[in-house]
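The primary structure of each chain is shown beneath.
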Amino acid sequence: MNDFHLPPYARTMGMAVDHVEDGAPVIAMDFAERVQGRPGFLHGGAIGGLLEMAAHAALRAELDRQGSDSRIKPVNISIEYLRGGVQERTFARGEVIRAGRRVANVRVEAWQGDRGKLVASSWMNFLLAPPKA
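What counts and what doesn't
Residues numbered from 1 in each chain as written. Predicted model: local features only at pLDDT ≥ 70, side-chain atom pairs only at ≥ 80, totals over all residues. Heavy atoms only, no water. Core = buried A, V, L, I, M, F, W, Y, C linked by side-chain atoms within 4.5 Å. Buried < 20%, exposed > 50% of the residue type's maximum accessible area, 1.4 Å probe, protein only. Helix = DSSP H or I, 4+ residues; strand = E, 2+ residues; numbered from the N terminus. Contact = heavy atoms within 4.5 Å. Phe/Tyr/Trp six-rings, centres within 6.5 Å; stacked < 30°, edge-to-face > 60°. Lys NZ or Arg CZ within 6 Å of the ring centre and 35° of its normal. Pairing = 2+ DSSP bridges. Axes fitted to C-alpha atoms, helices over the stretch in contact; angles between N-to-C directions. Salt bridge = Lys/Arg side-chain N within 4 Å of Asp/Glu carboxyl O. Polar contact = N/O pair within 3.5 Å; in protein donor to acceptor, adjacent residues only side chain to side chain. Patch = residues over 30% accessible without salt bridge, like charges linked within 9 Å, V, L, I, M, F, W, Y side chains within 5 Å. Areas by Shrake-Rupley, 256 points an atom, 1.4 Å probe, with all protein chains shown as cover.

Colleague: Help me out: how do you make sense of the nonpolar core in this one?
Modeller: What tends to happen in soluble globular proteins is that the nonpolar side chains get buried as a cluster. Residues Met15, Ile27, Met29, Leu59, Val108 and Phe126 are the most contacted members of the largest nonpolar core, which totals 30 residues. Sorting the residues of this core by element identifies strand E1 (15-21), strand E2 (24-29), helix H2 (44-66), strand E5 (103-111) and strand E6 (118-129) as the ones contributing at least two each. Per-element tally for this core: the top contributor is H2, with ten residues. Once residues lying within four places of it in the same chain are set aside, the contact partners of Leu59 are Ile72, Val96, Ala99, Ala104, Val106, Phe126 and Leu128.

If you want it as structure tokens, here you go:
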């Protein structure tokens, strides 16, 4: 469906690109035992992984549009867990707020069903490094 490559971790967790919105991929993750925390709810680590994959995918898409082949190195992530994720498909989309020569900042939101009721949101900062020679 798309040209976005997700790493093995994302595929193992059941994540896939659902669609592209304003140039950024929307990553979806179906509820399954592998992402369950307490019975009937998503594990916080699975939500965090989904947020990280969406941030990375959004930044890679933006850098590709700019014609940059910079390597992306995560520096930090700050996650706000806003409500419990339940037994339904979860979506996440990143928005690149800034992509300079050395640093990038990405805002990510995750939701289920109603996009106005977020499950979690995050800020992620990346170091942009020159491609390997």
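Colleague: Explanation requested: the packing of aromatic side chains in the structure shown.
Modeller: The description of an aromatic ring pair rests on the distance of the ring centres and on the angle between the ring planes. As enumerated under the stated definition, the model contains one aromatic pair in all. Of note, Arg38 hangs over the ring of Phe41, and the distance from its end group to the ring centre comes to 3.8 Å. Arg115 extends its terminal NZ or CZ atom over the ring of Trp111, reaching a point 4.0 Å from the ring centre.

Colleague: Would you explain the pairing of E5 in this entry?
Modeller: A regular strand places its side chains so that they alternate between the two faces of the sheet. Two strands pair when backbone bridges link them, and strand E4 (residues 90-99) and E5 are joined in this way by eight bridges, in the antiparallel orientation. Across the sheet, Phe91 pairs through a bridge with Trp111, a residue of E5. Relative to E6, E5 runs antiparallel, the two sharing nine bridges. Looking at the pairing, Trp111 lines up with Leu118 of E6. Remark: six residues form the turn of the hairpin made by E5 and E6, two consecutive strands paired antiparallel; Gly113 in that turn has positive phi of roughly 65°.

Colleague: How should I be thinking about the sheet that holds E4 in this particular structure?
Modeller: The strands that make up a sheet pair up through hydrogen bonds in the backbone, lying either parallel or antiparallel. Ordered by their spatial adjacency, six strands build an open sheet running E1-E2-E4-E5-E6-E3, and the pairing between neighbours is antiparallel. A single partner strand is all that each edge strand has here, and the edge strands are E1 and strand E3 (71-81). The sheet shows a mean angle of 25° between the axes of neighbouring strands, direction not considered. Relative to the sheet, H2 contacts E1, E2, E3, E4, E5 and E6, its axis offset from that of E4 by approximately 45°.

Colleague: Which parts of the structure should I look at to understand the pattern of salt bridges?
Modeller: Oppositely charged side chains can pair when the atoms bearing their charge come close. The tally for this structure, following the rule as stated, stands at seven salt bridges. For Glu21, the salt bridge goes to Arg115, with nearest N and O atoms at 2.9 Å. Of this pair, Glu21 sits in strand E1 while Arg115 sits in the loop between E5 and E6, and the two are 94 residues apart along the sequence. Taking the shortest distance from any N to any O, the salt bridge between Arg107 and Glu80 comes out at 3.8 Å. You can see Arg107 sitting in strand E5 and its partner Glu80 sitting in strand E3, a full 27 residues away along the chain. Salt bridges linked by common partners bring Asp18, Asp30 and Arg89 together as one network.

Colleague: Before we go on, may I ask you to explain the side chain of Ser121 in this structure?
Modeller: One can find Ser121 in strand E6. Of note is the side chain of Ser121, whose polar atom sits 2.6 Å from the side chain of Glu80. Reaching out from Ser121, the side chain makes a polar contact with the side chain of Arg107 at a distance of 3.3 Å. Those residues in contact with Ser121 that sit more than four places away from it in its chain are Leu51, Ser78, Ile79, Glu80, Leu82, Arg107, Val108 and Glu109.

Colleague: What is the right way to look at a nonpolar patch on the surface in this model?
Modeller: Taken together, the side chains of Val75, Val103 and Leu127 present a nonpolar region at the surface, about 240 Å² in accessible area. For Leu127, the location among the structural elements is in strand E6. When its relative accessible area of 37% is taken as the criterion, Leu127 is described as partly exposed.

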